[in-house]
Amino acid sequence: MTEPDVTMARIGQGVELGRRGEREAARKLFSELWEEIGVTGDPLHRCALAHWMADVQDEVKEELLWDLRALEAADLVTDERARQAGVAGPVSGFYPSLHLNLGDAYRRLGDLDRARDHLERGRAAVGALGDDGYGQMIRQGLDRLAGRLSAF
């Protein structure tokens, strides 16, 4: 049996703060965790933290910075490490969402070429998603992004 992952639990607390609209409190908790983890800490922790930190940013440039950190860390996460943390699927399932977020941030910043690149990378990775609510949500997000980009 695996020991509970205290860091992932604390990230979950920040996620809940963000979902309740307590964005500043979530940013504060995530910032404290980022300081503890460091830029060379566990890639799974860095990926999850950066992914959720992006969601509570007020500025798109800051959101993009955190999304890029999440993608960089994801490249270092192994399936075994993800399984240890209780992640149900392979790490390849992280990429559609990460690319969706990056594509949308680049779109909002007006960098349409990079937005389209991440849209295509996200679409290329959707095969790793299940045919469940989460997979459908990400696919729909990619479709919405494609629609927004087609206007340009």
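Keep in mind that this is a model prediction, so the values were computed, not measured.

1. Details of the nonpolar core
Soluble globular proteins tend to bury their nonpolar side chains together. Core analysis: the largest hydrophobic core is formed by 44 residues, its most contacted members being Phe30, Phe94 and Leu98. When residues of this core are traced back to their parent elements, those giving at least two are helix H1 (6-19), helix H2 (23-37), helix H3 (43-55), helix H4 (60-74), helix H6 (95-109), helix H7 (112-125) and helix H8 (133-150). If sequence neighbours within four positions are ignored, Phe30 has contacts with Ile11, Gly14, Val15, Leu49, Trp52, Met53 and Val56.

2. A closer look at the packing of aromatic side chains
Per the stated rule, a full pass over the model turns up one aromatic pair. Here Trp34 and Trp66 contribute two aromatic rings whose centre-to-centre distance is 5.0 Å and whose plane-to-plane angle is 85 degrees, an arrangement assigned as edge-to-face. Pair noted here: Trp34 is in helix H2 and Trp66 is in helix H4, with a separation of 32 residues, a long-range link. The same class applies to Trp34 and to Trp66, which are both buried. The ring of Trp66 has Arg69 sitting right over it, with the charged end atom 4.2 Å from the ring centre.

3. Some thoughts on the environment of Arg121
Note on placement: Arg121 falls in helix H7. On a C-alpha basis, the gap between Arg121 and Ser97 in space is 10 Å, while along the polypeptide they are 24 residues apart. Once residues within four sequence positions are removed from consideration, Arg121 is found in contact with Leu71 and His99.

Thresholds, definitions, all that
- Numbering of residues starts from 1 in each chain and follows the order in which that chain's sequence is written.
- The predicted nature of this model means local features are confined to residues of pLDDT at least 70 and side-chain atom pairs, given and counted, to a pLDDT of 80 or more, with totals for whole chains, interfaces and linings taken over all residues.
- Side-chain measures here rest on the full set of heavy atoms in the structure, leaving out hydrogens and waters.
- The criterion is simple. A nonpolar core is a set of buried Ala, Val, Leu, Ile, Met, Phe, Trp, Tyr and Cys residues joined through side-chain atoms within 4.5 Å.
- The rule is simple: take the accessible area with a 1.4 Å probe, protein chains only, and divide by the maximum for that residue type; under 20% is buried, over 50% is exposed, in between is partly exposed.
- Under the DSSP-based scheme used, a helix requires at least four consecutive residues in state H or I and a strand at least two consecutive residues in state E, with every element numbered from the N terminus.
- The contact criterion used is simple: two residues touch if any of their non-hydrogen atoms lie within 4.5 Å.
- Stacked, tilted and edge-to-face are the three classes applied to pairs of Phe, Tyr and Trp rings, where Trp contributes its six-membered ring and a pair requires centres within 6.5 Å; stacked means planes under 30 degrees apart, edge-to-face means over 60, and tilted covers the rest.
- For a lysine, the NZ atom is tested; for an arginine, the CZ atom; a charge sits over a ring if that atom is within 6 Å of the ring centre and within 35 degrees of the ring normal.

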